[in-house]
Amino acid sequence: MPAAIDHRLAGTDEAEMTVAASPIGPLGRHAAAVRAMGSRFVADVLAAGERQLWRAPRTAALIAGWPGDAAADALAMRFNAALHALARRGADPDLAALFHAAAGDVDRAVGAAMAAHDAFIADWMREAPQTNEVGRTGAIMAALMVLGARRAMPVALRELGASAGLNLLLARYAHDLGGVAAGDPRSPVRVAPRWTGVAPPAAPVTIASARGVDLRPLDVRDDAACERLMAHVWADEPARAQRLAAALRIARADSPQLERGDIADWLPAQLAQPQSAGEWRVVVHSMALQYCDARARALVHDAFAIAGARADADRPLARIGFEWTAARDAVHLSLTTWPDGVTEHLATCHAYGAWVDWHGTR
């Protein structure tokens, strides 16, 4: 049992029961990080989940026996999304009311839902998160503008861990990046992160081609897949949900090119293909490499090194990363370009792209 228990729910008199303290688990640990990111409600859901975990033995066993890094594998976000999915389905009226209002008696509703839907929550959590957060395209577009300012060439865009491929459509969105406009100004999808530092260069970006890979790509024409994406949006951030819904409508009208596969196999094959002269080949990954093991990350590194050695001024290669640092204390937007092989830390960012602290370029 966790250190804190609602004895009224347990049916036990508080005066007659003593509960030994236990170490805080991944749900409770991540609650503090989520609160710092600005979501009090999701933080409360995670904290309640930890307190009520004794009511969901399958979920508790899954978390206790998790074989990997719970933080890197976003275990807490899987848990929150599972509850949000239940709420969106209306499968649990009390939970639905809680998530709709993003306020209320969190322990009561979350605890009851965990007891009633333990198997569903545990099954949901076995699948890796599929956030496909469109807000991250602001930072990615800014990095592409840096490339455009250096050499005005069209971009062959390739994405690792593309999920439903929504970020491959970034040119179809309207961006306001520190006062610099990019993308399609008529788009219903508007990406305008809070910006500090100088603005990125106002260079046009032309996407010549775009495709991505994912172990389990989501089909935007599948209602269940779209619901899974929506469940990963935090319930107290309705603007994010509205933006995602608009991006899904764009994708349904013009489906992104996605392949099912392993990043470690797909990337070397893509980089080995002939590259058109006068075109940037750009590989982007956002919150993807944290789900790869050490072997896969090494293969990705080697693939870039081999392809970078072949790059020249007419056929340059670039890598854009939007990833947690190794210490998981910040999200960095990084840019590596070849043939020079120089890596730059362009910005520090909110994990979902809500703000960008731009550091500039060399």
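So, how was this worked out
- Residues numbered from 1 in each chain as written.
- Predicted model: local features only at pLDDT ≥ 70, side-chain atom pairs only at ≥ 80, totals over all residues.
- Heavy atoms only, no water.
- Buried < 20%, exposed > 50% of the residue type's maximum accessible area, 1.4 Å probe, protein only.
- Helix = DSSP H or I, 4+ residues; strand = E, 2+ residues; numbered from the N terminus.
- Polar contact = N/O pair within 3.5 Å; in protein donor to acceptor, adjacent residues only side chain to side chain.
- Contact = heavy atoms within 4.5 Å.
- Axes fitted to C-alpha atoms, helices over the stretch in contact; angles between N-to-C directions.
- Parallel < 35°, antiparallel > 145°, perpendicular 65-115°, else oblique.
- Left-handed = near helix turned anticlockwise from the far one by under 90°.
- Nonpolar A, V, L, I, M, F, W, Y, C, P; charged D, E, K, R; others polar.
- Core = buried A, V, L, I, M, F, W, Y, C linked by side-chain atoms within 4.5 Å.
- Pairing = 2+ DSSP bridges.
- Disulfide = S-S within 2.5 Å.
- Salt bridge = Lys/Arg side-chain N within 4 Å of Asp/Glu carboxyl O.

Draft legend 1. Structural view of unusual backbone geometry. Look at A102: it is not a glycine, yet its phi comes out positive at around 55°. By relative accessible area, A102 is classed as partly exposed at 23%. For M287, which is not glycine, the phi torsion reads 55° and is therefore positive. Take M287: it is sitting in the loop between β8 (280–286) and α13 (294–310). Note on M287: relative accessible area 10%, which makes it buried.

Draft legend 2. Expanded view of the side chain of Q275. With respect to the element layout, Q275 can be found in the loop between α12 (263–272) and β8. Overall, the relative accessible area of 17% leaves Q275 in the buried class. Looking at Q275, its side chain comes within polar contact range of the main-chain oxygen of P316, at 2.9 Å. Sequence-distant contacts of Q275, defined by excluding residues within four places in its chain, comprise W280, R281, R315 and P316.

Draft legend 3. Molecular detail of the environment of V42. Note that V42 resides in helix α3 (residues 40–51). Put simply, V42 and A31 are 11 residues apart on the chain and 7.4 Å apart in space, counted from C-alpha to C-alpha. V42 has contacts with V34, M77, N80, W234 and D236, leaving out every residue within four places of it along the chain.

Draft legend 4. Spatial organisation of the packing of helix α2 (residues 26–36) against α3. Where α2 meets α3, the axes come as close as 8 Å, and the angle between the chain directions of the two elements is 170°. Here α3 runs roughly antiparallel to α2, going by the angle between their axes. Considering only the axes of α2 and α3, their crossing is left-handed. Facing P26, L27, G28, H30, A31, V34 and R35 of α2, the residues of α3 in contact are R40, V42, A43, D44, L46, A47, G49 and E50. For the contact of α2 with α3, the class distribution of residues is 8 nonpolar, 3 polar and 4 charged.

Draft legend 5. Examining the nonpolar core more closely. L166, Y173, V282, L333 and W358 are the most contacted members of the largest nonpolar core, which totals 55 residues. Considering every element that reaches this core, the biggest residue donor is helix α9 (residues 137–150), with 9 residues. When near neighbours in sequence (up to four residues on either side) are disregarded, L166 contacts N132, V134, Y173, V220, L229, L244, A247, L248 and A251.

Draft legend 6. Representation of the sheet that holds strand β3 (residues 180–183). One open sheet holds the 3 strands; their spatial order is β3-β2-β4, and the pairing between them is mixed. For this open sheet the edge positions go to β3 and β4 (190–191), each flanked by a neighbour on one side alone. Here strand β2 (residues 174–177) runs beside β3; their pairing, made up of 4 bridges, is antiparallel. Note on β3: the bridge partner recorded for D176 is A181. Where α9 meets the sheet, its contacts fall on β2, β3 and β4, and the angle it forms with β2 comes to roughly 75°.

Draft legend 7. Looking closely at the packing of helix α4 (residues 57–64) against helix α8 (residues 118–125). Where α4 meets α8, the closest approach of the two axes is 7 Å, and the angle between their N-to-C directions is 25°. On the basis of the axis angle, α4 is roughly parallel to α8. Judged by residue contacts, P57, R58, T59, L62 and I63 of α4 engage D118, A119, I121, A122 and M125 from α8. For the contact of α4 with α8, a count of residues per class yields 7 nonpolar, 1 polar and 2 charged.

Draft legend 8. Geometry of the state of the cysteines. Under the defined criterion, the tally for this structure stands at 0 disulfides. Of all cysteine sulfurs, the one in C349 lies closest to C292, which takes part in no disulfide; the gap is 20 Å.

Draft legend 9. Up close: the pattern of salt bridges. Using the criterion set out here, one finds 15 salt bridges in the structure. Its salt-bridge partner being D44, residue R35 comes within 3.0 Å of it at the nearest N-O pair. Of the residues examined, R35 reaches a relative accessible area of 39% and is grouped as partly exposed. With relative accessibility at 24%, the residue D44 sits in the partly exposed group. In this structure, the salt-bridge partner of R240 is E237, at a minimum N-O distance of 2.8 Å. Comparing R240 with E237 shows no difference in burial state: the two are buried. A cluster of three or more residues bridged by salt bridges with shared partners is formed by E133, E237, R240 and R243.

Function cannot be inferred from these measures alone, as they are strictly geometric.
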